[in-house]
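Coordinate inspection notes
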Amino acid sequence: MNDVDTFAKADAAFHDAVGAASHNVFLRSSVAGVRRLASQSDVLLFHGDVPGSLEVAAGQHVAIAEAVAAGAADLAERLMVEHIGTTQSQFEKKIRDRLFSPDADTAP
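**What about the overall build of the protein chain?**
Broken down by element type, the protein chain carries four helices and zero strands. When the elements of the protein chain are put in sequence order from the N terminus, they spell out α-α-α-α. Evaluated residue by residue, the protein chain yields a buried proportion of 19% over its 108 residues. Long-range pairs, those at least 24 residues apart, make up 58% of the contacts in the protein chain between residues at least 6 apart in sequence. Split by element, the accessible area of the protein chain, about 7400 Å² in all, is 62% carbon and sulfur.

Structure, rendered in C-alpha cells:
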C-alpha cells in the first residue's frame, strides 16, 4: 500500500518499538528526537512527499524486525545502519533536487 499517512504512523511505531526493545534510554531518546526531526522535515521540505520509496523502507523494516525476533543482534545492527544510510541519502537527494532543480516545486 502506498499510503503516506499510514506508512508514517507505522514507521513511527516501528522505530519507537526498536528503541523500546533496546532497553537503552539514550537510544530511545535519540529515536524520539530523530522522529521529531523527520516529521518537521517532511512538513517544511517535502509537503507530505516522503523521500524515497515506501516499499524499500518497509522491506528494510521487515528484515530488521526478523533479525531482532531471531536474536541476531549483529545482523539487526547492520540492517539498521543500512536503513539509516538509505534514509539519509534519500533526504539529501530530495533536498538537492529542491534546491538545484530548475523545475523544483515552489509551493509553500
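Further notes follow.
**Examining unusual backbone geometry**
Even without being a glycine, His-23 presents a positive backbone phi close to 55°. Summarising the element assignment, His-23 is placed in the loop between α1 (4-21) and α2 (25-46). We classify His-23 as exposed; its relative accessible area is 72%.

**Here's the deal with the pattern of salt bridges**
Applying the stated rule across the entire model yields two salt bridges. Two residues, Arg-78 and Glu-82, come together in a salt bridge whose shortest N-O distance is 2.8 Å. Here Glu-82 and Arg-78 lie together in helix α4 (residues 73-100), a separation of four residues that amounts to about one turn. On the basis of relative accessibility, which here comes to 45%, the residue Arg-78 falls in the partly exposed class.

**Digging into the nonpolar core**
Counting residues in each nonpolar core, the largest one holds six residues, listed as Phe-14, Ile-64, Ala-67, Ala-76, Leu-79 and Met-80. Of all elements in the fold, only α3 (54-69) and α4 reach the threshold of two or more residues within this core. With three residues, α4 is the largest single contributor of residues to this core. Excluding residues within four positions of it along the chain, Ala-67 makes contact with Ala-72, Leu-75, Ala-76 and Leu-79.

Thresholds applied
Residues numbered from 1 in each chain as written. Predicted model: local features only at pLDDT ≥ 70, side-chain atom pairs only at ≥ 80, totals over all residues. Heavy atoms only, no water. Helix = DSSP H or I, 4+ residues; strand = E, 2+ residues; numbered from the N terminus. Buried < 20%, exposed > 50% of the residue type's maximum accessible area, 1.4 Å probe, protein only. Contact = heavy atoms within 4.5 Å. Areas by Shrake-Rupley, 256 points an atom, 1.4 Å probe, with all protein chains shown as cover. Salt bridge = Lys/Arg side-chain N within 4 Å of Asp/Glu carboxyl O. Core = buried A, V, L, I, M, F, W, Y, C linked by side-chain atoms within 4.5 Å.

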